[in-house]
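Below are the chains, spelled out letter by letter.
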Amino acid sequence: MHLLLINGPNLNLLGQRETSIYGSNTLASIEGELQREADEEGVQLDCFQSNFEGALVDRIHQAIGKVDAILINAGAYTHTSVALRDALLGAGIPYVELHLSNTFAREQFRHNSFLADRAVGIVSGFGVMSYHLAFQGLLAHLRQSK
């Protein structure tokens, strides 16, 4: 099984950006934890982060026919990007949307997601654990689908 983890804008600043909301873990430490979990599960995991919407779209396109599913924390693009939505739908790859914070407990503009209605599932509000819960949920979904 082959999964792709996509992280959007400003997630490269984890560990130094608004730690009261996002915690003190860096993106590298989160990816490392998830990579170890993937190794234990016998799953290949690729990680990608960009602050540029087009680069995220391109990475989704590159995943077509190569990955079984996507974990995506699109950051602020969750609430603004029709392009990411269209890329995910066009790729036809199942995906789970995830967030460190509970977006519904934050500003009103964060309550809307352009990705949620077509996602296999959504995990938010559990900090770093959101990545692990999303990973395990997606694995369970893929294994049940076979």
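Residues numbered from 1 in each chain as written. Predicted model: local features only at pLDDT ≥ 70, side-chain atom pairs only at ≥ 80, totals over all residues. Heavy atoms only, no water.

Remarks on the pairing of strand E1 (residues 2-7)
Part 1: Where burial is concerned, most of E1 is hidden: six out of the six residues are buried.
Part 2: Burial of E1 is two-sided: the residues His 2, Leu 4 and Ile 6 facing one way and the residues Leu 3, Leu 5 and Asn 7 facing the other way are all buried.
Part 3: Judged from the six bridges that link them, E1 and strand E2 (residues 44-49) form a sheet pairing that is parallel. If you follow Leu 3 over to E2, its bridge partner there is Leu 45.
Part 4: Summarising the sheet, E1 and strand E3 (residues 69-73) pair through five bridges and their orientation is parallel. (Buried < 20%, exposed > 50% of the residue type's maximum accessible area, 1.4 Å probe, protein only. Helix = DSSP H or I, 4+ residues; strand = E, 2+ residues; numbered from the N terminus. Pairing = 2+ DSSP bridges.)

Describing the nonpolar core
Part 1: In this structure, Leu 3, Leu 14, Leu 34, Leu 71, Tyr 131, Phe 135 and Leu 138 are the most contacted members of the largest nonpolar core, which totals 24 residues.
Part 2: Ranked by the residues each element gives to this core, the list is headed by helix H5 (residues 129-145), at six residues.
Part 3: Leaving out residues up to four positions away in the same chain, Leu 14 has contacts with Tyr 22, Asn 25, Thr 26, Leu 27, Ile 30 and Leu 100.
Part 4: Within the second largest apolar cluster, 19 residues are counted, among which are Leu 4, Val 67, Ile 70 and Tyr 77. (Core = buried A, V, L, I, M, F, W, Y, C linked by side-chain atoms within 4.5 Å. Contact = heavy atoms within 4.5 Å.)

Quick notes on the sheet that holds strand E4 (residues 95-99)
Part 1: The strand order across the open sheet built from five strands is E2-E1-E3-E4-E5, with neighbouring strands paired in parallel fashion. Both outer strands of the open sheet, E2 and strand E5 (121-124), are each paired with one neighbouring strand and no more. The mean angle between the axes of side-by-side strands here comes to 20 degrees, regardless of whether they run parallel or antiparallel.
Part 2: Across three bridges, the pairing between E3 and E4 is parallel. (Axes fitted to C-alpha atoms, helices over the stretch in contact; angles between N-to-C directions.)

Section: helix H4 (residues 82-91)
Each full turn of the α-helix corresponds to 3.6 residues, which orients residues three or four apart in the same direction.
Part 1: Of all the positions in H4, only Leu 84, Arg 85, Ala 87, Leu 88 and Ala 91 are classed as buried. Angularly, the buried residues of H4 cover 165 degrees about the axis, an arc narrow enough to put them on a single face.
Part 2: Considering only its buried residues, H4 is in contact with helix H3 (53-63), E3 and E4.
Part 3: N-cap assignment for H4: the residue whose side-chain oxygen lies 3.4 Å from the backbone N of Ala 83 is Ser 81.
Part 4: A positive phi of about 70 degrees marks Gly 92, the residue just after H4. (Arc of directions from axis to C-beta. Polar contact = N/O pair within 3.5 Å; in protein donor to acceptor, adjacent residues only side chain to side chain.)

What about the packing of helix H2 (residues 27-41) against H5?
Part 1: The contact between H2 and H5 brings their axes to 10 Å, and the two run at 30 degrees. One finds that H2 runs roughly parallel with respect to H5. Read as a crossing pair, H2 and H5 show a hand that is right-handed. Two secondary-structure elements touch here, H2 through Ile 30, Glu 33, Leu 34, Glu 37, Ala 38 and Glu 41 and H5 through Tyr 131, His 132, Phe 135, Gln 136, Leu 139 and Arg 143. (Parallel < 35°, antiparallel > 145°, perpendicular 65-115°, else oblique. Left-handed = near helix turned anticlockwise from the far one by under 90°.)

A look at unusual backbone geometry
Among all residues except glycine, the phi angle is most often negative; among peptide bonds, the trans geometry is most common.
Part 1: Phi is positive for Asn 10, which is not a glycine, with a value near 75 degrees.
Part 2: Looking at where Asn 10 falls in the secondary structure, it is placed in the loop between E1 and helix H1 (19-22).
Part 3: Accessibility expressed as a relative area gives 34% for Asn 10, which makes it partly exposed.

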